[in-house]
Amino acid sequence: AGTLRRDDGGLERFLLSAGELYVRGVPVDWNTLFEGVDPKPLRTSELPTYPFQHQRYWLEPGSSTGDVTTFGLTSAAHPLLGTVVELPDGARVFTARLATRTHPWLAEHTVSGKVLLPGAAFIELALRAGEDLDLAHLDELVVEAPLVLPRHGGVQLRVTVEPSGGDGRRAVHVHSRPEEGEADDAWVRHATGFVGPESTPDFGYEAWPPPGAEPVAVDGFYEDLAAAGYEYGETFRGVRAAWRLGDEVYAEVALPGQAAESGGRFGLHPALLDAALQSANLGAAPAGRPGELLLPFAWNDIALYASGASALRVRARREGPDSVSFALSDPTGRPVAAIGTLVLRPVPLDRLAPVTDPAAEHLYRVDWTALDLPRTTAAAAAHHVLDLTGRPEASAPQSARKLIEAARERIQEHLADSSDRPLVVLTADPDADPGAAAVWGLVRTVQLEQPGRVVLVGTDGVSTDVDRVVGSGEVQVVWRAGRAWVPRLVRAGGGSVGG
């Protein structure tokens, strides 16, 4: 389609023109193009690297409390907590907002299709609250109710440490409520326990792995957990290797990728502790029953000896029919944390009720609602009727087309008439007949443009009292089994998350 010629004075401009032709589908003979040209003086541009690099440079969603001191508060300096308030009686209240938008890694902890705050997070919150009072030992913590995070929006969180009871211990509680609920919505208590003075470890620097321990394959480990209802994202998939010796499991766990970089901001990252707990499923934890999931219920004698770990050695030991103990050390054998016993309790799937999803609270759909119609009035008889209940003898698409044409012609005649008597369009039940549904779509549009001129009535074939329908003032009614049903707005989903 022509020849593009170059001159020696405008090679770069020529190359740009040739390139534009090439990307538009015009064949270019590049060998001929560069005959006799020394490529060294040509200016070259490197290809952009971002399509081939997986390191991102934009900011991840996060939460920030800003300068809370202007409000008389103190920053909690913790990724899951915002501020801390000291009350006159010595109590402390830690405030937070948790959401999958600001803490996206929490969305990777899913149980039976619902985003569940890990039990390990309750441990981290309670330990952080105790640390603020130099009480680094969590004597016990009972999880009373799981905290299901909504898919949209978030929850308000409160961690409360009560004044000292005289024995050196303090009670700690974790509460939450929907972020966008009513002002008087009740707080739900999720966990309660006691923090006390720190203890010293009685383990560390043992041979690793212990003599006699047999390797356990971890390939497919998370696929098996997902089949049982525990669905973990990448952040929570920390089990790297495992060994078994009797009722004991030895495992190596680590935080992956970017989570490892944030491990230093936690006492013990919940995803890392959760991975340590997961390893018990390789031979130290009790088995669950169909229709139930085993979740952490009661923690006892929990101590944190070192903060900021990103990798752990784990020893999980069966202590009873429903309990396991854990000893956690770093990759060199130095003690990091210990859990005296963790009691697991089966939870029926239907008990995983989510926190109200504020987005779902504002979603509505149209549904049929039963309505008691008034008795016949004198004005009710003043109407015309277009009966389309007799289906034309044709296939479904042709039948619908004929019904629509019949309705259109009669409605146009009615609208051209100056009569104030409404036209009743009588059809089959639109939920059961495609042709009737098509007519309802057409007539609803007419009703928007000509209010009060046309009334829609669907019937299941049983005797329909059209006079009572017209007398009620309703413009869309379906008559089923001798009762009238009208379209009304209802809440769309009741706020369930992931179900």
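**Student:** Is there a simple way to explain the nonpolar core in this structure?
**Tutor:** Generally speaking, soluble globular proteins have nonpolar side chains that are buried together. By size, the foremost hydrophobic cluster in this structure holds 81 residues, and its most contacted members are L268 and F326. Residue contributions to this core peak at eight residues, all from helix α3 (residues 119–131). A407, I411, V425 and W440 belong to the second largest nonpolar core, which has 15 residues in total.

**Student:** How do you make sense of unusual backbone geometry when you look at a structure like this?
**Tutor:** Excluding glycine, a negative phi dihedral is what most residues carry, and trans is how most peptide bonds are arranged. Along the chain, W208 connects to P209 via a cis peptide bond; the corresponding omega equals -15°. Summarising the element assignment, P209 is placed in the loop between β9 (188–196) and β10 (214–216). In this structure, A77 takes a positive phi of about 55° despite not being glycine. Along the chain, the position of A77 falls in strand β1 (residues 74–78).

**Student:** Quick question: what am I supposed to make of the pattern of salt bridges here?
**Tutor:** Where charged atoms from two side chains of opposite charge come close, those side chains can pair. With the rule as written, the count across this model stands at 13 salt bridges. In this structure, E179 and R97 form a salt bridge, with 2.2 Å as the shortest nitrogen-oxygen distance. Of this pair, E179 sits in the loop between β8 (170–178) and β9 while R97 sits in strand β3 (residues 92–99), placing them 82 residues apart in sequence. D330 is the partner of R334 in a salt bridge, and the nearest nitrogen-oxygen pair spans 3.2 Å. By sharing partners, the salt bridges in this structure join E86, R92, R128 and D132 into a single network.

Conventions adopted
Residues numbered from 1 in each chain as written. Predicted model: local features only at pLDDT ≥ 70, side-chain atom pairs only at ≥ 80, totals over all residues. Heavy atoms only, no water. Core = buried A, V, L, I, M, F, W, Y, C linked by side-chain atoms within 4.5 Å. Buried < 20%, exposed > 50% of the residue type's maximum accessible area, 1.4 Å probe, protein only. Helix = DSSP H or I, 4+ residues; strand = E, 2+ residues; numbered from the N terminus. Salt bridge = Lys/Arg side-chain N within 4 Å of Asp/Glu carboxyl O.

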